[in-house]
Amino acid sequence: MGLVEASSFVGQVGDELGASISRRYAEAMRGLPEEPGALADILSDLKSRIGGNFSVESVSETEIVLVNSACPFADRVKGRPSLCMMTTNVFGRIVSDARGYARVNIEKAIATGHPGCRVRVSLQDDDAGDGFEFFR
């Protein structure tokens, strides 16, 4: 299986997983919050529960930026950037379920040789930037 096919497959699994996780957070919290800070906390909490080490770098009304120094896939992620589609889809699904829209761009990734990950989640559809878009 090539990179495009693997990314597509992992993306589909991530979308289903993201929808399930989004529902669970919504049930536990009696609805997903729309506030960027609360969403950033959910995203970092989720990753810490599965072995990642994500923390919030910045939050504004237009975006959330998270950084990570430990991937839940551990060393198995190195050289396998298609696995990053799991993060992309889970983050995108949760944020778009809460706010109606999200664009997720993994700017740096352990999978591609960086010492850590940097993920930008745009909260507004402004046609400026790379990444994958998600809609409620």
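Here is what the cut-offs are and how they apply
- Residues numbered from 1 in each chain as written.
- Predicted model: local features only at pLDDT ≥ 70, side-chain atom pairs only at ≥ 80, totals over all residues.
- Heavy atoms only, no water.
- Helix = DSSP H or I, 4+ residues; strand = E, 2+ residues; numbered from the N terminus.
- Rg over C-alpha atoms; globule rule 2.2 N^0.38 Å.
- Buried < 20%, exposed > 50% of the residue type's maximum accessible area, 1.4 Å probe, protein only.
- Expected span 1.5 Å × (residues − 1).

Caption draft 1: The overall build of the protein chain, seen in detail. A tally of helices and strands in the protein chain yields 3 helices and 5 strands. Each helix and strand of the protein chain, placed in order from N terminus to C terminus, yields the pattern α-α-β-β-α-β-β-β. For a compact globule of 136 residues, the expected C-alpha radius of gyration is about 14 Å, and the protein chain comes in at 14 Å, within 12% of that figure. Over its C-alpha atoms, taken along the principal directions, the protein chain stretches across nearly 40 × 30 × 25 Å. Looking at the protein chain as a whole, 43% of its 136 residues are labelled buried.

Caption draft 2: Highlighting helix H2 (residues 36–49). A rise of 1.5 Å per residue sets the reference length of H2, with its 14 residues, at 20 Å; its end C-alpha atoms lie 20 Å apart and thus fit the reference within 8%. Every buried residue of H2 is accounted for by Pro 36, Leu 39, Ala 40, Ile 42, Leu 43, Ser 44, Leu 46 and Lys 47. One or two positions beyond H2, positive phi appears at Gly 51, with a value near 100°.

Caption draft 3: Examining the environment of Asp 75 more closely. Checked against the element boundaries, Asp 75 lands in the loop between strand E2 (63–68) and helix H3 (84–99). Along the sequence, Asp 75 and Ala 111 sit 36 residues apart, while their C-alpha atoms lie 8.6 Å from each other.

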